[in-house]
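# Coordinate analysis (summary)
As a plain string of letters, each chain reads:
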Amino acid sequence: MASKGNSAPDLVIHGGKVATLDPADRIVRAVAVKGDRLLAVGSDAEIIALAGAETRRIDARGRLVTPGLIDGHAHMDREGLKEALPSLAGCRSIDDVLQRIAELVRVTPVGEWIVTMPIGDPPFYEGVPAVLAENRFPNRQDLDRVAPDHPVYIRAIWGHWRNSLPLVSIANTKALQASRITRDTMAPSPHIQIEKDSSSGAPTGCLYESVYKPLVEKTLLAGIPRFTLEERIAGLRRSMQVYNSTGTTSVFEGHGIAGEVLAAYQDLRAEGPLDVRASLMFSPAWPSAGTADVRDLLVDWGRWLTGRGLGDDYLRMAGIYTESNVSPENQLRALCGPYTGWAGFNFDSCLPEDVMVEMMVEAARNGIRVGSFDPKILALYEQVNKRVAITEQRWIIEHVGIFDADEIARLRDLGVVLQAYSNRWIYQEGEQHRTSLGEARASRVLPMRALIDAGVHVSLATDNVPPTMFDPIWHVVARRPRGGDTVLAPDQRISRIEALAAASREGAWLSQEEAEKGTLEPGKLADIAIFDKDLLTVDEAEIPSIKADVTITGGRIVYQNQ
């Protein structure tokens, strides 16, 4: 408790069920805020007694109050960009699609591009083309009926929204002509199929991809309009409201952020405090894959990434992302650099494995934190650790999925921090893993119970599919795969309070800010959420539907459910 001699708080929240997530996991009734910090937590009587005539009061009316949630791998910039393009959500026939396109034709000058979101309903865009009455995608002739004088392109999804292939995009005749795609055009990658009419050999306009990160729009359709800085800024502003609406007050962008996304963040930060705090890792675009060049560049310009890097409590850039997937596909995507499209990270951040190890050794020497989800990353981190200790640097393994007991012990000994990818490993692909591993070994799939018991720090994350932390919370509590009737490895379930901690306290550990946020304790940042349902008692099936009634970042009310 703070002394009653202190000046009155600016805000008091009382009458709640306040899950502090402090070391004792105390549940109290009320909190007091002064400026951007928590002044006190305690009983209603204790906290209300601190209030003055000017103190704003919120009666929580028994609702659950928690620290603001922290998304450990958010891709928050992506969410708002979904509204930069016209939506085709809700279309149930090709005629529905054409009506949407026709509306755009009426307001678009002749000859200008019309680019839309994919066919299907967000966030997963599942069941296409079966969601359309014709059970097929529209082709160029269909689009030409309503848009003969405009190049039209229906984009493919970002593949990890659905985690199933193929990706499909559609171009009309004008778009194919503008992109110089003819019957003689060869696909730039074996992962791309340019569908052609069986009788004429002409392209149908349907383009198929067998990769999760779109290639077509970086190669064949590279001429489509690109996201502008203004669109990224507007999208990021909108994204923050979406994340605030589910109680998220901080994000960690582990995969790495490219310069064009950082610029949008910086412009917003220049306007004032951000509604969602952001901790970013840097996504480099290496101009060379030579060991000496990479090492020298890191030493030359990488020192600003050391430790907690540059920035403040609202926006910070620190550490570096890397992986060894120097694939032909990533090299093709990188040709569009510095433009990154949906990705928001650079595809030429990948390095040959031997060069990657040398870069990481140099990073370790300079106190530059590394994050990766390279398939071999645990062994590669161990290689680095034999040369320069990383055990106190909190290096990161992202999108974690399957670990056995030996690997968990190695993770603990390295002191790495994990970002859980529950949507893929438990929900979307859980049944596949049960089949491939067998019931006896299914406990290796995102083994939260074993990881927590071993003392490994694990932060829950959305990966923007969808952007609510209550999906991953439900995944690790219920462990119910999509389409399955039984729990996946019930021994790996964790409690609701543990899941809440992994969605807040562990996120603060991930960003090295555990002294500043992640729990409701006096002196910490006043990031708070009040929810419409009680996570700790609500029916398990209702957990994903939980929304914020009030979200507070730095003592400011940034969202209210009207």
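Quick note: structure is the one above.
Thresholds, definitions, all that
Residues numbered from 1 in each chain as written. Predicted model: local features only at pLDDT ≥ 70, side-chain atom pairs only at ≥ 80, totals over all residues. Heavy atoms only, no water. Pairing = 2+ DSSP bridges. Helix = DSSP H or I, 4+ residues; strand = E, 2+ residues; numbered from the N terminus. Axes fitted to C-alpha atoms, helices over the stretch in contact; angles between N-to-C directions. Buried < 20%, exposed > 50% of the residue type's maximum accessible area, 1.4 Å probe, protein only. Parallel < 35°, antiparallel > 145°, perpendicular 65-115°, else oblique. Left-handed = near helix turned anticlockwise from the far one by under 90°. Contact = heavy atoms within 4.5 Å. Polar contact = N/O pair within 3.5 Å; in protein donor to acceptor, adjacent residues only side chain to side chain. Arc of directions from axis to C-beta. 1 Å grid on protein atoms, 1.4 Å probe; cavity = no way out; pocket = protein on both sides within 12 Å on 5 of 7 lines; lining within 4 Å. Points joined across faces, edges and corners; volume = space filled by probe spheres on them.

Before going further, it helps to examine the sheet that holds strand β4 (residues 30–34). Across the sheet, four strands lie side by side as β5-β4-β1-β6; this open sheet has mixed pairing. Looking at which strands have only one partner, the edges of the open sheet turn out to be β5 (37–42) and β6 (56–59). In this sheet, adjacent strand axes meet at a mean angle of 15° when their direction is disregarded. Here strand β1 (residues 11–14) runs beside β4; their pairing, made up of three bridges, is antiparallel.

The sheet built from five strands is open, its strands ordered β9-β10-β11-β13-β12 with mixed pairing. Strands with a single pairing partner mark the edges of an open sheet, and in this sheet they are β9 (114–116) and β12 (192–196). Strand-to-strand twist in this sheet, taken as the mean axis angle between neighbours without regard to direction, amounts to 15°. Here strand β10 (residues 152–154) runs beside strand β11 (residues 167–171); their pairing, made up of two bridges, is antiparallel.

We now examine unusual backbone geometry. Along the chain, L165 connects to P166 via a cis peptide bond; the corresponding omega equals 5°. Within the chain, H75 stands out as a residue other than glycine whose phi angle is a positive 50°. A residue is classified by how much of its surface remains accessible, and H75, at 5% relative accessible area, is buried. The phi dihedral of N163 is positive, around 55°, even though this residue is not glycine. For N163, the location among the structural elements is in the loop between β10 and β11.

Let us now look at the packing of helix α8 (residues 291–301) against helix α10 (residues 353–365). For the pair α8 and α10, the least separation of the axes is 9 Å and the interaxial angle reads 25°. Relative to α10, the element α8 is oriented roughly parallel. Considering only the axes of α8 and α10, their crossing is right-handed. For the pair formed by α8 and α10, the contact residues are T291, V294, R295, L298 and V299 on the first element and V355, E358, M359, E362 and A363 on the second.

Of the two faces of strand β22 (residues 528–531), the one holding I528 and I530 and the one holding A529 and F531 are both buried throughout. As paired elements, strand β7 (residues 64–67) and β22 share three bridges and run antiparallel to each other. Counted as the bridge partner of T66 is A529 from β22. As paired strands, β22 and strand β23 (residues 548–553) are joined by four bridges and run antiparallel to one another. Of the residues in β23, the one forming a bridge with F531 is A548.

All right, on to the environment of A40 then. Its location among the elements puts A40 in strand β5. A relative accessible area of 0% places A40 in the buried class. It is 8.1 Å that separates the C-alpha atoms of A40 and G523, two residues lying 483 residues apart in sequence.

It is worth spelling out the environment of S250 at this point. For S250, the position within the fold is in strand β14 (residues 248–257). Taking relative accessible area as the criterion, S250 reaches 1% and is therefore assigned buried. Measuring from C-alpha to C-alpha, the distance between S250 and G518 comes to 9.5 Å, with 268 residues separating the pair along the chain. Setting aside residues no more than four positions away along its own chain, S250 makes contact with L69, I70, D71, V276, R277, K517 and D527. A distance of 2.9 Å separates polar atoms of two side chains, one belonging to S250 and the other to K517.

With that settled, consider the packing of α10 against helix α11 (residues 377–387). Across the interface, α10 lies against α11 with an axial gap of 9 Å and an inter-helix angle of 50°. Our classification of the angle between α10 and α11 gives oblique. The hand of the α10/α11 crossing is right-handed. The segment α10 lies against α11, with E353, M356, V357, E358, M360, V361 and A364 engaging I377, L380, Y381, Q383, V384 and R387.

Turning our attention to helix α12 (residues 405–414). Those residues of α12 lying buried are I408, L411 and L414. Angular distribution of buried residues about the axis of α12 spans 130°; they occupy a single face of the element. Summarising the contacts, the buried residues of α12 are in contact with α11, β19 (396–400), β20 (417–420) and α15 (448–454). Its side-chain oxygen 3.2 Å from the backbone nitrogen of D406, D404 forms the N-cap of α12. Positive backbone phi, at 70°, marks G415, one or two positions downstream of α12.

What follows covers the layout of surface pockets. Approximately 940 Å³ is the volume found for the largest pocket. If you trace the largest pocket, you find 40 residues lining it, with E323, F373, D374, P375 and R424 closest to the centre. Looking at the lining of the largest pocket, the elements with two or more residues in it are α9 (328–334), α11, β19, α12 and α13 (422–428). Here the lining of the largest pocket takes four residues from β19, the largest share from any one element.

It is worth stressing that arrangement in space is one thing and function is another; only the former is reported here.
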